[in-house]
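Each chain is listed here by its residues.
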Amino acid sequence: MPSVLLTGGSGQLGRALLGALRDHGFSVAAPDVQAWDLTRWTETQAPVPFDFELLINCAAYTQVDQAEQDALAAHTLNALVPEKLAELSKKRRALFVHISTDYVFSGDSRRPYTEDDPPFPQSAYGHTKLEGEMCVQAAAGAYYIVRSAGLYGPGGATGKGGHSMIDFILNTARAGKPLRLVQDQWTSPTYVGHLAQGLVRLLERRPESGCYHMVNEGVCSWHEFGTEVLQQAGMAAEILPVSLAEFSQRPAKRPTYSALENRKLNALGMRMPTWQEGVRAYIAETR
Ligand SMILES: NC(=O)c1ccc[n+]([C@@H]2O[C@H](COP(=O)([O-])OP(=O)(O)OC[C@H]3O[C@@H](n4cnc5c(N)ncnc54)[C@H](OP(=O)(O)O)[C@@H]3O)[C@@H](O)[C@H]2O)c1
């Protein structure tokens, strides 16, 4: 099995991917930020003391609102770091895998975005992630850019306070409080366990280089998502539907519609589980 260097292994997706890779027999080095600070490395370009045949980048600047004020730090982590990692991979003749986001799209669509749809980000975070994609395409040898959406996993994203969307829904219901959930923003919420399994299958399958969408199949609003979570958990709570406009006091603009279609994966016969199956798997894992 090829040896893997994984960045962002302490993050929400990175933790799930580290487990999935090891379960499939990959040998993985996953240095944390203390062992390898990528921002500093981009400035110094110090030699990288790891051997690898595969480099997977799950590190990112993921605080969407903060990125509006902190554009330089977001640009460094989301664009310059992927570029340098792509160059490093090419030099070592290694496959480079980079994770990107639905936030590269404008949100004006009314059908799931495919890999061929033109990106048009609306936030600083989305801009830096798109820049990262372009840098990787230009600098890498063999590469996969994998776009996903609405990630949730145990412990949540480290960059967003350590709670998943499902934790928030269930904790609010347990506290007997009403849930305010957006009814006019649609996406493809994705369980990191399923994304990690999908990434491992991609590595085993090795299709041609390029950009691939990888989300739990289907589309829902956050209101529909919350309703499904409560039903599957066997809990009840009052759900107050709210509009995205009511939530739009936040600094960064969110895409109204950012569901993704796994068109290229489906063409390879690599079907992802549905978003309802994602909820079920998360509840089973965290029960
Ligand atoms: N969250 C979502 O809803 C979502 C949706 C679509 C796509 N994505 C993409 O999915 C990927 C993974 O996101 P996630 O949710 O797993 O994010 P996360 O939990 O915030 O993880 C980010 C990771 O980056 C690491 N990191 C930050 N600064 C670093 C530095 N200077 N040097 C080395 N490592 C550094 C963090 O380390 P520490 O833990 O030590 O800070 C952490 O391991 C990202 O590319 C993101 O853009 C996320």
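Above this note sits the structure.
This one's a predicted model, so the numbers in the text were calculated from it and none came from an experiment.

Considerations on helix H10 (residues 275-286)
Phase 1 of the analysis: Its twelve residues give H10 an end-to-end C-alpha distance of 17 Å, which sits within 8% of 16 Å, the value for a rise of 1.5 Å per residue.
Phase 2 of the analysis: Residues Trp275, Gly278, Val279 and Tyr282 constitute the buried set of H10. Across the axial projection of H10, the buried residues extend over an arc of 100 degrees, all falling on one side.
Phase 3 of the analysis: Where H10 is buried, its residues touch strand S6 (151-152), helix H5 (165-174), strand S9 (190-191), helix H6 (192-205), strand S11 (220-221) and helix H7 (222-233).

Some words on the packing of H7 against H10
Phase 1 of the analysis: Viewed as axis vectors pointing N to C, H7 and H10 meet at an angle of 45 degrees, and their least axial separation amounts to 10 Å. Classified by the angle their axes make, H7 and H10 are oblique. Like other packed secondary-structure pairs, H7 and H10 cross with a definite hand, here right-handed. Counting all contacts with H7, which are made through Glu228, Val229, Gln232 and Ala233, the residues of H10 involved are Gln276, Val279, Arg280 and Ile283.
Phase 2 of the analysis: A class-by-class count of the residues in the contact of H7 with H10 yields four nonpolar, two polar and two charged.

A few points about the environment of Thr227
Phase 1 of the analysis: Following the sequence through the fold, Thr227 ends up in helix H7.
Phase 2 of the analysis: By C-beta crowding, Thr227 is classed as partly exposed, having 18 other C-beta atoms within 10 Å.

Cut-offs applied
- Each chain has its residues counted from 1, following the order in which its sequence is written.
- Per-residue local features of the predicted model are confined to residues with pLDDT of at least 70, and side-chain atom pairs are confined, for both listing and counting, to 80 or more; whole-chain, interface and lining totals are unaffected and use all residues.
- Starting at the N terminus, helices and strands are each numbered in turn, a helix being any DSSP run of H or I of at least four residues and a strand any DSSP run of E of at least two.
- The span you would expect from a helix comes to 1.5 Å times its residue count less one.
- Partly exposed residues are those whose C-beta has more than 12 but fewer than 20 other C-beta atoms within 10 Å; 20 or more makes a residue buried and 12 or fewer makes it exposed, with C-beta atoms placed from the backbone.
- The arc in question is formed by the directions pointing from the helix axis toward the C-beta atoms.
- In this description, any two residues whose backbone-derived C-beta atoms lie within 7 Å of each other are considered to be in contact.
- Axes here refer to lines fitted to C-alpha atoms; in helices the fit is confined to the stretch in contact. Angles between the N-to-C directions go from 0 to 180 degrees.
- The cut-offs work like this: below 35 degrees is roughly parallel, past 145 is roughly antiparallel, 65 to 115 is roughly perpendicular, and the gaps in between are oblique.
- Each crossing gets its handedness from the near helix: less than a right angle anticlockwise from the far helix is left-handed, clockwise is right-handed.
- For this scheme, ten residues count as nonpolar: Ala, Val, Leu, Ile, Met, Phe, Trp, Tyr, Cys and Pro. Four count as charged, namely Asp, Glu, Lys and Arg, and the remainder, Gly too, count as polar.

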